[in-house]
Amino acid sequence: MGNFTTVNNDGAHNLWEQLYFKGIPHPEGMVGVVLGIESTAHTLSFGMVDMNGKTSPSYSNLFRPEEGGIHPREAADHHCLMASDLLRKATSSEMFLDNKIEAIAFSQGPGLGPCLRIGASIARTLSEVWKVPLIGVNHCIAHIEIGKNQTGCKDPVLLYVSGGNTQVIASSRNKYRVMGETLDIGIGNMLDKFARTQGIPFPGGPEIEILAKKYELNKDINENFINLPYGVQGMDMGFSGMLTAAERRIDAGDSLESVCWSLQEHAFASCIEVAERAMAHTGKNELLLGGGVACNTRIREMAKIMCEERGATAYWPEKQFCIDNGTMIAELGRLLHNVGYNTKLSDSAINPMLRTDHTEIIWD
Ligand code: ATP
Ligand code: FE2
C-alpha cells in the first residue's frame, strides 16, 4: 500500500461526499475555461485552459507505491483520497475564480480501469452539478495537443515517450497515425523496472538520468561503453531485451552509473532513429516530444541534434506538461468544445484500450 491512508471498498462513496460540488456563480461576459481531469494511471490531476488557449498549472498528486509496481486498485484509492483536496485547490485558483466554467474534460482512455473510473466519476458529477458539457478525451492525443499549444509547432511528427506508451505518430487524413511503436513494454516502464531492480523507487526515470549524467561527466574518453541489444525493428521498437541485458551487466559487476548511461543511449537512440525515418517518409520538418520521458535532457539533446542535421526543428513542452497533467486534458477538451463536440452521459463509459489512432481529428 502506498504512502496514504487506506480507504475501504466504499471509496467511491467517500469521494461523492468529499467532492467540492457547490457551483460557484460567475458574472456573465467572462472568458470561459475548460477544467480537465487526468486519472489514467499513477497521477490524479486537475488543470485548466481558457477559451483563448491560455493554460493554468495543474494541481496533481502522484501515487508512489511503497514497493513493487502500480496496483490499479491502490492507485484508484489514492485518487479517491486526493480528489477533494486537489479539486479545491484548482477551484480556488485565479483562473477558475476569474472565469466562467465552460466544460469538463476527462481522460476516457487508455489507462487502468479503476483509475479511469475515478476521473470519469468526478467529471460526470461536476458536469451535472455545474450544468456544463462533459467531454471524454483520448489521453494520448492530449499529450500531442498540449505540446502544440505550448510550442506553437503546427504539423509535427510526435515522439510520444511515456511509461505505458512509446509511439512515433504523424497526422494524416484526419487521424494521428502510429508509424512505429514499442512491440513490448513502454520506454518509461522499462526505465522504471530497471530502477526498481536497483532499489530506486517509482518513477525511476529521473534518478536514472542523474546517474547517467554522473557517468557522462566522469567518463574516460577511451573507455568502452557497455553494449546492449539495440531496440529498433523496422519502424517499431522493443525495450525488454535491453532491460534484461542491463540487469545482467549489473550482475556481472558493471557500475550502476555506466549501465544507466548505456541504457539511456540505446533506448533514446532507438526512438530518435524511428522518429527520423518517420520525418523522412512524411516530409514533415517538425519533431515534437511528449510524455514523461520527454522530461529527460539527453533525449531532448538527441532530438535537437537529429533535427538540426536535417534542417528541421525539435520542440518539447516544459516538464509539467510532459508528464501526465490535467491541463493537457483541458486543452483537448477546449479544442473539441470549440467544434461543438460533447460526450453524452450514456457514452461516457471509460475505454481502457483506446488507441491514438482510434480518434478522429475533428478540431483542426
Ligand atoms: P501514458 O499513460 O501516457 O503512458 P504514463 O502513465 O506513463 O503515461 P507519464 O507521466 O507521461 O505517465 O510518464 C511517466 C514516465 O516518465 C515514468 O516512466 C517516468 O520514469 C518517466 N520519466 C519522468 N521523468 C523522466 C526523466 N527525467 N527521464 C526519463 N524518464 C522520465
Ligand atoms: Fe501519459
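Residues numbered from 1 in each chain as written. Chains lettered and ligands numbered in written order. Predicted model: local features only at pLDDT ≥ 70, side-chain atom pairs only at ≥ 80, totals over all residues. Heavy atoms only, no water.

A. Just the site of ligand 1, in detail. Around ligand 1 lies a shell of 25 residues, among which Tyr160, Ser162, Gly163, Asp192 and Glu209 are the nearest. Between ligand 1 and Gly164, the relevant distance is 3.0 Å, taken from an oxygen atom to a main-chain nitrogen or oxygen of the residue. Contact distances for ligand 1 include 3.1 Å between a nitrogen atom and a side-chain N or O atom of Asn296. Considering ligand 1 on its own, with 650 Å² of exposed area, one finds that the protein chains cover 93% of that surface. At the level of elements, helix 5 (139-151), helix 6 (187-197) and helix 7 (205-218) are the ones that each hand at least two residues to the shell around ligand 1. Among the residues making up the shell around ligand 1, the classes are represented as 9 nonpolar, 13 polar and 3 charged. (Near = heavy atom within 4 Å. Polar contact = N/O pair within 3.5 Å; in protein donor to acceptor, adjacent residues only side chain to side chain. Areas by Shrake-Rupley, 256 points an atom, 1.4 Å probe, with all protein chains shown as cover. Helix = DSSP H or I, 4+ residues; strand = E, 2+ residues; numbered from the N terminus. Nonpolar A, V, L, I, M, F, W, Y, C, P; charged D, E, K, R; others polar.)

B. Examining the domain arrangement of the protein chain more closely. Assigned domains within the protein chain: domain 1 (6-145 + 322-358) and domain 2 (157-283). Put simply, the middle of domain 1 and the middle of domain 2, counted by C-alpha atoms, are 30 Å apart. Contacts between domain 1 and domain 2 engage 18 residues on the former and 12 residues on the latter. With both sides pooled, the region where domain 1 packs onto domain 2 buries about 1200 Å², and carbon together with sulfur makes up 63% of that total. Note that Glu181 is salt-bridged to Arg355, the shortest N-O span being 3.2 Å. Here domain 1 is connected to domain 2 by 3 residue pairs in polar contact (both at pLDDT 80 or more). Its residues assigned to classes, the side of domain 1 that touches domain 2 comprises 7 nonpolar, 7 polar and 4 charged. (Domains from an automatic or database assignment. Contact = heavy atoms within 4.5 Å. Buried area = accessible area lost by both parts, 1.4 Å probe. Salt bridge = Lys/Arg side-chain N within 4 Å of Asp/Glu carboxyl O.)

C. How the structure looks around the sheet that holds strand 2 (residues 43-50). Here 5 strands make up an open sheet; going across it, the order is 3-2-1-4-5 and the pairing mixed. The two strands at the open ends of the sheet, each matched to only one other strand, are strand 3 (59-62) and strand 5 (134-138). Ignoring which end each strand starts from, the neighbouring axes of this sheet average 25° apart. As judged from the 4 bridges shared by strand 2 and strand 3, these two strands associate in the antiparallel manner. For Ser45, the partnering residue across the bridge sits in strand 3 and is Ser60. Sheet strands in contact with helix 2 (residues 72-91) are strand 1 (32-38), strand 2 and strand 3, and its direction is about 25° off that of strand 2. (Pairing = 2+ DSSP bridges. Axes fitted to C-alpha atoms, helices over the stretch in contact; angles between N-to-C directions.)

D. Main features of the environment of Ile362. Here Ile362 shows up in the segment after helix 11 (326-338). Residue Ile362 is classed as partly exposed on the basis of its relative accessible area, which comes to 38%. Sequence separation of Ile362 and Thr282 is 80 residues, and the distance between their C-alpha atoms is 21 Å. Dropping the residues within four chain positions of it, Ile362 is found in contact with Leu336, Val339 and Tyr341. (Buried < 20%, exposed > 50% of the residue type's maximum accessible area, 1.4 Å probe, protein only.)

E. Spotlight on the environment of Phe96. Mapped onto the fold, Phe96 is located in helix 3 (residues 94-97). For Phe96, a relative accessible area of 1% gives the class buried. Sequence-wise, Phe96 and Ile305 are 209 residues apart; in three dimensions their C-alpha atoms are separated by 40 Å.

F. Local environment of the coordination of the iron ion (ligand 2). Around the iron ion (ligand 2), the protein contributes the donor atoms His139 (NE2), His143 (NE2) and Asp324 (OD), which lie 2.0 to 2.2 Å from the metal centre. Read in sequence order, the donor residues for the iron ion (ligand 2) give the motif H-x3-H-x180-D. Here His139 is found in helix 5, whereas its partner Asp324 is found in the loop between strand 12 (313-315) and helix 11, with 185 residues between them in sequence. (Donors = N, O, S within 2.8 Å, 3.2 Å for Na, K, Ca; no water.)

G. Layout of the sheet that holds strand 7 (residues 166-172). Pairing within the open sheet is mixed, and its 5 strands lie in the order 8-7-6-11-12. The strands lining the two open edges of the sheet, one partner per strand, are strand 8 (175-181) and strand 12. Mean inter-strand twist for the sheet, computed between neighbouring axes without regard to direction, equals 25°.

H. Focus on the packing of aromatic side chains. As enumerated under the stated definition, the model contains 3 aromatic pairs in all. Taking 5.4 Å as the distance between ring centres and 40° as the angle between the ring planes, the aromatic pair formed by Phe96 and Trp130 counts as tilted. Note that Phe96 is positioned in helix 3 and Trp130 in helix 4 (residues 113-130), a separation of 34 residues in sequence. Between the aromatic rings of Tyr215 and Trp261, the centroid separation amounts to 5.5 Å while the plane-to-plane angle is 55°, which identifies the pairing as tilted. You can see Tyr215 sitting in helix 7 and its partner Trp261 sitting in helix 9 (residues 256-282), a full 46 residues away along the chain. For Tyr215, a relative accessible area of 9% gives the class buried. With relative accessibility at 9%, the residue Trp261 sits in the buried group. Of the aromatic side chains, those joined through ring pairs into one cluster are Tyr215, Phe225 and Trp261. (Phe/Tyr/Trp six-rings, centres within 6.5 Å; stacked < 30°, edge-to-face > 60°.)

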